[in-house]
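Topology and contacts: notes
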Amino acid sequence: SAEQMTKNFDEKLDSDILENFNIISLDVPRTYFKENIDERRKQIDYVLKSFVLAVGKKSYCQGMNYIVSFLLVISNSEEVAFNIFISLYTNTDFG
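Residues numbered from 1 in each chain as written. Predicted model: local features only at pLDDT ≥ 70, side-chain atom pairs only at ≥ 80, totals over all residues. Heavy atoms only, no water.

Some thoughts on the confidence of the model for the chain
In plain terms, the rule: Scored from 0 to 100, pLDDT reflects the predictor's confidence in each residue. The helix and strand labels rest on DSSP assignments: H or I over at least four residues marks a helix, E over at least two residues marks a strand, and numbering proceeds from the N terminus.
Counting all residues, the mean pLDDT for the chain is 85, and 84% of those residues have values of 70 or more. Per-element confidence in the chain ranges from a low mean pLDDT of 60 for helix α1 (residues 2-12) to a high of 95 for helix α4 (residues 64-75).

And the structure:
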């Protein structure tokens, strides 16, 4: 079942990544859109969790959901938003 697959996937992730996923799950519902709210929030969730998996460890911080939401609006593509966000992250000192 999908629920069992998710459980198996979660068990393979380390605690830092799971912590990031939990924070993302709290932040994404706070992101506001006028249209297609549920669809847009799923896209933000997907891009941010993909970002965490790509970068790893403690990479997510509050507010990144707003950056990704803007990138999705201007690009209308999860892939493009992800690539721009990765580029911003790797070429900027977020520390």
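Let's pick the thread back up.
Side note on the packing of aromatic side chains
Put simply, the rule is: Two rings from Phe, Tyr or Trp (for Trp, the six-membered ring) form a pair when their centres are within 6.5 Å of each other. A pair whose planes differ by under 30 degrees is stacked, one over 60 is edge-to-face, and the rest are tilted. The classification of residues rests on relative accessible area computed with a 1.4 Å probe and restricted to protein chains. Under 20% of the type maximum is buried, over 50% is exposed, and intermediate values are partly exposed. Two thresholds decide whether a charge sits over a ring: the Lys NZ or Arg CZ must be within 6 Å of the ring centre and within 35 degrees of the ring normal.
Summed over all chains, the structure comprises two aromatic pairs. Measuring from ring centre to ring centre gives 4.8 Å for Phe51 and Phe85, while their planes differ by 70°; the resulting arrangement is edge-to-face. On the criterion of sequence distance, the pair formed by Phe51 in helix α3 (residues 37-55) and Phe85 in helix α5 (residues 78-90) is long-range, its members being 34 residues apart. Each member of the pair, Phe51 together with Phe85, is buried. Relative accessible area serves as the criterion here: at 0%, Phe51 is assigned to the buried category. The rings of Phe51, Phe85 and Tyr89 are connected pair by pair, giving a single aromatic cluster. It is Lys49 that lies over the ring of Phe21; its NZ or CZ is 5.3 Å from the centre.

With respect to the nonpolar core
Selection criterion: What is meant by a nonpolar core is a set of buried Ala, Val, Leu, Ile, Met, Phe, Trp, Tyr and Cys residues, joined one to another through side-chain atoms within 4.5 Å. In this description, contact between two residues means that some pair of their heavy atoms is separated by no more than 4.5 Å.
Counting residues in each nonpolar core, the largest one holds 18 residues, and the members touching the most others are Ile44, Leu48, Val52, Val68 and Phe85. When residues of this core are traced back to their parent elements, those giving at least two are α2 (15-27), α3, α4 and α5. Each residue touching Phe85, except ones within four places of it in the same chain, is listed here: Leu48, Phe51, Met64, Ile67, Val68 and Leu71.

Observations concerning the packing of α3 against α5
So the rule is basically this: Between N-to-C directions, angles span 0 to 180 degrees; the directions come from axes that are lines fitted to C-alpha atoms, helices contributing only their stretch in contact. An angle below 35 degrees is treated as roughly parallel, one above 145 as roughly antiparallel, one from 65 to 115 as roughly perpendicular, and anything else as oblique. For a crossing to be left-handed, the near helix must be turned anticlockwise from the far one by less than a right angle; the clockwise case is right-handed. Residues are sorted three ways: Asp, Glu, Lys and Arg are charged, Ala, Val, Leu, Ile, Met, Phe, Trp, Tyr, Cys and Pro are nonpolar, and all the rest, Gly among them, are polar.
Running from N to C, α3 and α5 point in directions that differ by 45°, and their axes come no closer than 10 Å. In terms of their interaxial angle, α3 and α5 are classed as oblique. Viewed along their axes, α3 and α5 form a crossing whose handedness is right-handed. On α5, the residues that touch Gln43, Tyr46, Val47, Leu48, Ser50, Phe51, Ala54 and Val55 of α3 are Glu78, Phe82, Phe85, Ile86 and Tyr89. Residue composition of the contact of α3 with α5, by class: 10 nonpolar, two polar and one charged.

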